[in-house]
Amino acid sequence: MIYPLKILREKGFEVHSFFYNHIHPFSEMLKRLEALQFLTKKEGINLIVREEYNLLRFIQNVVYREEERCGYCYYSRLEATARLAAKSGFNMFTTTLLYSKHQKHEMIKEICTNLSKKFSIEFFYRDFRTGWSEGIEISKSLGLYRQNYCGCIYSEKERYIGKKDRFKVNKPILNNG
């Protein structure tokens with residue numbers, strides 16, 4: 001959030017932050033929320049938190065479609081963002097997902113563009129990846145928690161086991177004995 005916040009403020013925007021996620025495990029979500037709460041307080045930003053943990057809904061929507069999980073994850077969170085922004089009377093919305101070099105940038109941009117039309121609210125597009133290194137250095141200097149995976153249960157598995165057979169789904173065997 002650090003670099004996107006810098007850019008938005010340089011452009012004269014009043015920034016509000018929205019946190020909604022189905023990160024796994026729950027303790028990881030709390031670490032990320034805590035870091036965001038620290039930063040928003042330090043920067044004097046209004047933080048809106050959707051206190052709903054939809055891990056089960058995420059899993060139900062991606063099981064056996066694991067290769068499409070990012071699309072569902074992005075859409076569910078960005079749709080909540082655009083809906084809230086429109087309902088709350090904000091002029092526009094954007095996302096810090098556009099900062100990460102590890103996210104599917106073009107997919108995020110397309111989803112936001114479509115949601116902009118759906119909710120009749122402007123989507124502020126900016127490729128924030130240009131400030132990747134700067135954001136990392138600032139976050140380290142502030143001692144902020146930095147996650148090392150996107151947050152989904154499948155990404156967590158890949159973090160520990162690797163990407164070999166990353167989408168192989170084990171079929172259950174019923175033991176009647």
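A quick note: this is a predicted structure, and the numbers were derived from the prediction, not measured.

Trainee: How would you sum up the nonpolar core? Please name residues and give values.
Mentor: Ranked by size, the top nonpolar core spans 26 residues in total, and within it Y74, L78, F93, I108, L115 and F128 carry the most contacts. Looking at this core, the elements with two or more residues in it are α1 (2–10), α4 (69–87), α5 (105–119) and α6 (132–142). Leave out the neighbours within four places in its chain, and F128 touches Y3, P4, I7, L8, T94, T95, L98 and Y99. Counting 6 residues, the second largest nonpolar core, distinct from the first, contains L55, F58, V62 and C73.

Trainee: Describe the pattern of salt bridges, listing the residues and the values that go with them.
Mentor: Should the charged atoms of two oppositely charged side chains come close, the side chains can pair. What the rule picks out here adds up to 9 salt bridges. Among the ionic pairs, R32 bridges to E28, the shortest N-O distance being 2.9 Å. With R32 and E28 both in helix α2 (residues 26–43) and 4 residues apart, the pair spans about one turn of that helix. The exposure classification of R32 matches that of E28, with both residues buried. For E79, the salt bridge goes to K118, with nearest N and O atoms at 3.4 Å. On the criterion of sequence distance, the pair formed by E79 in helix α4 and K118 in helix α5 is long-range, its members being 39 residues apart. A single network of salt bridges, built from pairs that share partners, joins R9, K42 and E43.

Trainee: Explain unusual backbone geometry to me, and be specific about the residues and the numbers.
Mentor: Residue P25 is bonded to the preceding H24 through a cis peptide linkage, with omega at -5°. Here P25 lies in the loop between β1 (16–19) and α2. The backbone of Y64 sits at a positive phi, close to 70°, despite the residue not being glycine. Among the structural elements, Y64 can be located in the loop between α3 (55–62) and α4. Looking at Y64, the relative accessible area reads 51%, which means it is exposed. Here the phi dihedral of S120 falls at roughly 50°; this positive angle occurs in a residue that is not glycine.

Trainee: An account of the packing of α3 against α4 is requested, with residue identities and associated values reported.
Mentor: Two quantities define a packed helix pair, namely the angle between the helix axes and the distance between the axes. Following both chains from N to C, one finds α3 and α4 inclined at 140°, their axes separated by 9 Å at the closest point. When the axes of α3 and α4 are compared, the pair comes out oblique. Of the two elements, α3 crosses α4, and the hand of that crossing is right-handed. Listed contacts from α4 to R57, F58, N61 and V62 of α3 are R69, Y72 and C73. Its residues assigned to classes, the contact of α3 with α4 comprises 4 nonpolar, 1 polar and 2 charged.

The rules behind the values
- Residues numbered from 1 in each chain as written.
- Predicted model: local features only at pLDDT ≥ 70, side-chain atom pairs only at ≥ 80, totals over all residues.
- Heavy atoms only, no water.
- Core = buried A, V, L, I, M, F, W, Y, C linked by side-chain atoms within 4.5 Å.
- Buried < 20%, exposed > 50% of the residue type's maximum accessible area, 1.4 Å probe, protein only.
- Helix = DSSP H or I, 4+ residues; strand = E, 2+ residues; numbered from the N terminus.
- Contact = heavy atoms within 4.5 Å.
- Salt bridge = Lys/Arg side-chain N within 4 Å of Asp/Glu carboxyl O.
- Axes fitted to C-alpha atoms, helices over the stretch in contact; angles between N-to-C directions.
- Parallel < 35°, antiparallel > 145°, perpendicular 65-115°, else oblique.
- Left-handed = near helix turned anticlockwise from the far one by under 90°.
- Nonpolar A, V, L, I, M, F, W, Y, C, P; charged D, E, K, R; others polar.

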